[in-house]
Amino acid sequence: MANVRIVSLGGLRQRLAAVLGTDSLLFARFDAALRRNDEALLEEAFRCLRAYPETTRRAVEDALLAWLFDEKDSSGLADLETPSRARH
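Residues numbered from 1 in each chain as written. Predicted model: local features only at pLDDT ≥ 70, side-chain atom pairs only at ≥ 80, totals over all residues. Heavy atoms only, no water.

Considering all chains together, one arrives at four salt bridges under this definition. One salt bridge in this structure joins R35 and D31, with 3.1 Å as the shortest N-O distance. Of this pair, R35 and D31 are both found in helix α2 (residues 25-36), four residues apart, which corresponds to roughly one turn of the helix. In this structure, E44 engages R47 in a salt bridge whose closest nitrogen and oxygen atoms are separated by 3.2 Å. Taken together, the positions of E44 and R47, both in helix α3 (residues 39-49) and three residues apart, correspond to about one turn of that helix. According to the relative accessible area criterion, E44 is partly exposed, its value standing at 29%. Several salt bridges share partner residues, and in doing so they unite R13, D31 and R35 into one network. (Salt bridge = Lys/Arg side-chain N within 4 Å of Asp/Glu carboxyl O. Helix = DSSP H or I, 4+ residues; strand = E, 2+ residues; numbered from the N terminus. Buried < 20%, exposed > 50% of the residue type's maximum accessible area, 1.4 Å probe, protein only.)

Following this line, the structure appears as C-alpha cells:
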C-alpha cells in the first residue's frame, strides 16, 4: 500500500494552468476536456498541442509526467468522500 497514490484530474488542470496560464486557448481546451471527462475533446486538445512550439509541448508533457509520478501529489484525496462513523 505504500506505493498507492491518489491523484485527481483537478490536480492535472492546476498543473496545466500553471504552465499554460488560465487565459490560454490551449489550457481552455484541456480544461474543458478534463472537466467533462471527454476523450474526444482531450484528443483534440493534444492535436492542437502539436501546433505549438516545442517549448510549450515539452512543458505540457513535463506537467503531465509530474502529475503522474510526483510522489508528493495527493490532489485526489480532496475528491474523496469523508469517512463517517456510520460506514466504519
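For L64, the position within the fold is in helix α4 (residues 54-69). For the pair L64 and R15, spaced 49 residues apart in sequence, the C-alpha to C-alpha distance is 7.9 Å. Look past the residues within four positions of L64 in its chain and what remains in contact with it is L12 and F46. (Contact = heavy atoms within 4.5 Å.)

Everything listed here is a matter of coordinates, which is why it stays silent on function.
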